[in-house]
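Listed below are the residues making up each chain.
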Protein chains: 2
Amino acid sequence: MDGHSPTNRRDRAVIIGAGLAGSLAAVYLARRGYAVDVYERREDPRLAPAGIAGRSINLGLSARGMRALHDVGLLNDVLKRSVPMQGRVVHSPDGSVGFQPYGVRDHQILHSVLRDELIAVLVDAADAQPEVRFHFGWRMHRLDRDRPAVTVVSEQDGESLDVTADLVVGADGAFSTVRQQMQHGLRANHSQEFLDWGYKELTIPVGPDGQPRVRLEALHVWPGEHGLMVAHPNLDGSLTCTLFMPYEGESSLATLTSAEAIRAFFRHNFPDAEELMPHLVEEILSHPTGHLVTVRTSPWHHADRVVLIGDACHAVYPFYGQGMNSSFEDCLVLDRCLDEHRDRGAALAAFQAARKPHTDVLADLSTENFIELRDRVHRPGYVVRAAADRLLNRLLPEHWTPLYTMVAHTTTPYAEALARSHRQDRIVRWAAAGGLAAGAALVYLSARTALRAARGR
Amino acid sequence: MDGHSPTNRRDRAVIIGAGLAGSLAAVYLARRGYAVDVYERREDPRLAPAGIAGRSINLGLSARGMRALHDVGLLNDVLKRSVPMQGRVVHSPDGSVGFQPYGVRDHQILHSVLRDELIAVLVDAADAQPEVRFHFGWRMHRLDRDRPAVTVVSEQDGESLDVTADLVVGADGAFSTVRQQMQHGLRANHSQEFLDWGYKELTIPVGPDGQPRVRLEALHVWPGEHGLMVAHPNLDGSLTCTLFMPYEGESSLATLTSAEAIRAFFRHNFPDAEELMPHLVEEILSHPTGHLVTVRTSPWHHADRVVLIGDACHAVYPFYGQGMNSSFEDCLVLDRCLDEHRDRGAALAAFQAARKPHTDVLADLSTENFIELRDRVHRPGYVVRAAADRLLNRLLPEHWTPLYTMVAHTTTPYAEALARSHRQDRIVRWAAAGGLAAGAALVYLSARTALRAARGR
């Protein structure tokens, strides 16, 4: 526990944002001996009514996130509140349903958990530390990146407060104000790209008999070129759906403005979903539309004073289910870097160097997986390929690991996982070419033998 | 002049920024009958002392810019203040000097002009219109994109003014405040990317005899992997140099901190330049470092209320010499779109649709040309290829136009120029393959004939 012992003067950290990244970072920094103040614009999620309509998002916890939670002893608390998902149930547009396991081993599963419940566990754990204080209902107004210090403003009465610190952590999401002010006037590279599909949160409630309407322990996927729907299970037997659709066009969110249009769309695209969702029409008409954005940015830190984590430095589309997991991994890697470098500036630089190449790859993978989930996951070619992948993985566990398995069930850094997957693909191509050549040689030899035999006759 | 006739109620345009794009836009919008107010943060360039040390940038005016100036009758005024450049004089690291003409025809030349002088011509021309007013020393503080209206603040006394308009034009450069506020909270895609090389403005003054120290009517280029220098001629016989170098590293701007280091760097990398630049050391030590940024963004407009032009929507690296030219082209294309669409919202949408695909290509071309100028322009392979390009262009003017010629000497949209260049490249590869095959056939036939003759003997 050497690296976690407090320094003589207790360093002060201010974290902006008590979302997934910010509240886990509070736990980690408190363990390192920091006095931590967390400022969050919204109200305390533990006090808010559970799941505001259309905003009760679930997430799939996988290996990276689990490792980061385990490291601070929170994994069991979280798993108790989650539903295991053994694989995907794919509902094809033709009405057929197939199951695709997430892996070949018992532990290769995901865990569905409500975002708000997960945050409540993290905030409780951090709050239990005497040196951690949460301040809900305070918005960051200004960052002085050099002192460093922040000015926070009360959402309730507009009161303004200056807070100095040794380290400011920007955990304030894809549209981070910390990032904007930290990078202001510097040579900062930045890109944000919105998907031209938005989303609506919907629900599959428990059936009239109190039982789940579909197989609970799985992620349900309705692929389709005009719309993609996924559903995560909840402990109470309901599922939370996310319907992704283009904003504009013939078949788009813009056209779902009446009960008739909504029912026609579902009947045509997700024929078996309509009867699972009794509140479908009201939910689509009343729930807000969410947006999806990819953020790549640099720098992630300013000297030894300010650092970004989570969506603030690497927001990704949700289609690989790695947004939360990579944010949790940030907390663990940042902790390791602070452990390995006595100089905090060096630690923050090492953190960016260790993470950014991998989260940039994750951004690409998440974009590609959108295409895969939308267009390919129900095609026979994909199903066969995935089954072959799992078979090879079972036969040659040391040598063959499907990309999905590496991303979801291991902590191999994303870019290394992708590189290894490319090597495996090359082997397959060589093997296929070799097989083809061997086959051709065999055909030739057989033909020659047959010909000779015929001549000999 | 139908399209230029004023409407009944004179529409009011507010332009933010009186740089190259903003001041030419004022001329164009005045011609369309708009009452135009231009707000510019800096002082009137016509009153400022000519060329503040290290900021007197020159630019190469080429076909697109000339066409846009010609359209409003300003071309001759500008050409009078410019120096024609027939081609590039390339100073190789080994001390050798070569000349590469810009084209094969008389008009295929560029015109070097000082940015401040060019702006003065444009501001004078706009200011001569009764309905155009320039307000120097006013900074835009806030944009209300829906009214639309701007709040401008006096740099002198902080006085604040609300100005409403029918159309707000953001011509406020790569870090546009208009863009930022126009896109705020919308699903705007945006990327800004800094080159990891910065630049210093330096000078080659006239010689002691009052004569230019190098051939005046050309762009001088000193290529090199550790630094790239270009020099534009001025009417007084001096040249303005721009030294591009990496910010960091063994041989970088960070290391040029003493007279010895500067002289050693020049002696090693630009052996013939040192003696041309008597103020080299003082200039490098005292001049500020400039930064280079590529900006891609969308949307370029908000309804029929706000539109971006120039660097505000497509800043590019300067290595293709097309930054100013593409900004001037914006003014012309925007004018055509306003002409063709009675509805201004449709006109602004058509403007973005007509321009963005091409300025995105220009961003790529400008990045590639950095590599070309830095690493390839002095290599024999490049010189031969460029000469072959010019020869083909002379022999087959209808069918063969080098990419550089299309970009610099025509107004073919950038993406079309690139596509045509790719087609030409494919033809060359086929021709080369065909030539090779014909050569091989010839060798084979000759050998066979020789063999038969030998056998016959």
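Going by what an unreviewed UniProt entry lists, chain A is known as Kynurenine 3-monooxygenase and is assigned to Micromonospora sonneratiae. Checking UniProt for chain A, the heading Function (unreviewed entry) contains the comment "Catalyzes the hydroxylation of L-kynurenine (L-Kyn) to form 3-hydroxy-L-kynurenine (L-3OHKyn). Required for synthesis of quinolinic acid." Database annotation for chain A, UniProt heading Sequence similarities (unreviewed entry): "Belongs to the aromatic-ring hydroxylase family. KMO subfamily."

Draft legend 1. Up close: the overall build of chain A. Looking only at helices and strands, chain A features 13 helices and 20 strands. In terms of overall dimensions, chain A is globule-like: its C-alpha atoms have a radius of gyration of 25 Å, near the 23 Å expected for 457 residues. The dimensions of chain A, computed from C-alpha atoms along their principal axes, are 100 × 55 × 40 Å. For chain A, the proportion of its 457 residues judged to be buried stands at 53%. Pairs at least 24 apart in sequence give 70% of the contacts found in chain A among residues at least 6 apart. Taken as a whole, chain A presents about 20800 Å² of accessible surface, with 53% of it coming from carbon and sulfur. Treating the 49 positive side-chain charges of chain A as one cloud and the 55 negative ones as another, the clouds have centres 9 Å apart.

Draft legend 2. Broad picture of the confidence of the model for chain A. Residues at a pLDDT of 70 or more form 96% of chain A, whose mean pLDDT is 92. Note that residues 1-7 of chain A has pLDDT below 50 and, in this model, ten contacts with residues that lie over four places away or in other chains.

Draft legend 3. Inspection of helix α2 (residues 63-71) of chain A at higher detail. Three or more residues of α2(A) are buried, namely A63(A), R64(A), G65(A), M66(A), A68(A) and L69(A). G73(A), located one to two residues past α2(A), shows a positive phi value of around 70°.

Draft legend 4. Here's a closer look at the packing of helix α1 (residues 20-31) of chain B against helix α2 (residues 63-71) of chain B. Residues and elements named next belong to chain B. α2 packs onto α1 with a crossing angle of 40° between their chain directions and a minimal axis gap of 10 Å. As summarised for this structure, α1 and α2 are arranged oblique, according to the angle between their axes. Remark: the crossing between α1 and α2 carries left-handed chirality. Where α1 abuts α2, its residues L24, Y28 and R31 lie against A68, L69 and D71. Looking at the contact of α1 with α2 residue by residue, the class counts come to four nonpolar, no polar and two charged.

Draft legend 5. Structural detail: helix α11 (residues 380-395) of chain A. Residues and elements named next belong to chain A. The terminal C-alpha atoms of α11 lie 22 Å apart, and with 16 residues this matches the ideal 22 Å at 1.5 Å per residue to within 8%. For α11, every residue scored as buried is listed here: Y382, A386, D389 and N393. The buried residues of α11 all sit within an arc of 55° when viewed along its axis, so they share a single face. Turned more than 90 degrees off the buried face of α11, the exposed positions are P380, V384, R394 and L395. In this fold, the buried residues of α11 make contact with β5 (87-91), β6 (97-101) and α10 (344-376).

Draft legend 6. Region of interest: the relation of the copies chain B and chain A. Note on the identical chains: chain B maps onto chain A by a rotation of 180° and an axial translation of 0.1 Å, with an RMSD of 0.1 Å. The superposition of one copy onto the other is thereby described by a two-fold rotation axis. Nearest to the rotation axis, the C-alpha of S191(B) is located 2.0 Å from it, this being the minimum over chain B. Most of the interface of chain B is mirrored in chain A, where 100% of its interface residues again form contacts.

Draft legend 7. A look at the sheet that holds strand β7 (residues 110-114) of chain A. Residue and element names in this part refer to chain A. Strand order in the open sheet formed by three strands is β3-β7-β4, and the pairing between neighbours is antiparallel. Unpaired on one side and paired on the other, β3 (58-61) and β4 (83-85) mark the two borders of the sheet. Here the average twist between neighbouring strands, direction ignored, is 35°. Relative to β7, β3 runs antiparallel, the two sharing four bridges. Its bridge partner lying in β7, G60 is registered against S112.

Draft legend 8. Geometry of the packing of aromatic side chains. All chains considered together, the criterion is met by 26 aromatic pairs over all chains. Ring plane angle 50° and centroid distance 5.9 Å describe the contact between Y199(A) and F244(A), whose orientation is recorded as tilted. Linking Y199(A) in strand β14 (residues 197-204) with F244(A) in strand β17 (residues 239-246), this pair joins segments that are 45 residues apart in sequence. Take F244(A): its relative accessible area is 6%, and that puts it in the buried class. Between the aromatic rings of W197(B) and F370(B), the centroid separation amounts to 5.0 Å while the plane-to-plane angle is 80°, which identifies the pairing as edge-to-face. With W197(B) in strand β14 (residues 197-204) and F370(B) in helix α10 (residues 344-376), this residue pair connects regions lying 173 residues apart in the sequence. Through pairs of rings, three or more aromatic residues link up here, namely W197(A), Y199(A), F244(A), Y317(A), F319(A) and F370(A). The ring of Y414(A) carries the charged tip of R64(A) above its face, separated from the ring centre by 4.1 Å. The residue whose ring lies beneath R187(A) is Y247(B), and the NZ or CZ to ring-centre distance is 3.2 Å.

Rules used throughout
- What you see as residue numbers is a count from 1 along each chain, following the sequence as written.
- All chains are assigned letters beginning with A, and all ligands numbers beginning with 1, in the order in which they are written.
- Owing to the predicted nature of the model, reporting of local features is limited to residues with pLDDT of at least 70; listing and counting of side-chain atom pairs is limited to 80 or more, with chain, interface and lining totals taken over all residues.
- For the side-chain quantities, the full set of heavy atoms in the structure was used; hydrogens and water were omitted.
- UniProt positions are given in the numbering used here, feature names are shortened, and annotations may be inferred rather than shown by experiment.
- The helix count covers DSSP runs of H or I at least four residues long, the strand count covers runs of E at least two residues long, and both are numbered beginning at the N terminus.
- In this setup the radius of gyration rests on C-alpha atoms only. A globule is expected at 2.2 Å times the number of residues raised to 0.38.
- Summary of the burial criterion: residues with accessible area below 20% of their type's maximum are buried, those above 50% are exposed, and those between are partly exposed, where the area comes from a 1.4 Å probe applied to protein chains only.
- Contact criterion: two residues are considered in contact whenever any of their non-hydrogen atoms come within 4.5 Å of each other.
- Methods summary: accessible areas were calculated by the Shrake-Rupley approach with a probe of 1.4 Å, and residue burial reflects only the protein chains presented.
- In this charge count, Lys and Arg are treated as positive and Asp and Glu as negative; neither His nor the chain ends contribute.
- In this description, the location of a charge corresponds to atom NZ of lysine, CZ of arginine, CG of aspartate or CD of glutamate.
- A score from 0 to 100, pLDDT tells how confident the predictor is in each residue.
- To get an axis, fit a line to the C-alpha atoms, keeping to the stretch in contact for a helix; angles then go from 0 to 180 degrees between the N-to-C directions.
- Oblique is the label for any angle not under 35 degrees, not over 145, and not in the 65 to 115 range, which are roughly parallel, roughly antiparallel and roughly perpendicular in turn.
- By the definition used in this description, the sense in which the near helix is turned from the far one sets the handedness, with an anticlockwise turn below a right angle giving left-handed and a clockwise turn giving right-handed.
- Here the term charged refers only to Asp, Glu, Lys and Arg, the term nonpolar to Ala, Val, Leu, Ile, Met, Phe, Trp, Tyr, Cys and Pro, and the term polar to all other amino acids, Gly among them.
- Helix span is expected to be 1.5 Å times the residue number reduced by one.
- The arc in question is the one traced by the directions running from the helix axis out to the C-beta atoms.
- In superposing the copies, a least-squares fit is computed on C-alpha atoms, taking residues whose pLDDT is at least 70 in both.
- By the convention used here, strands pair only if DSSP detects at least 2 bridges between them.
- The pairing test for Phe, Tyr and Trp rings, Trp by its six-membered ring, is centres within 6.5 Å, and the orientation test on the planes gives stacked under 30 degrees, edge-to-face over 60, and tilted for anything in between.
- For a Lys NZ or an Arg CZ to count as sitting over a ring, it must be within 6 Å of the ring centre and within 35 degrees of the ring normal.

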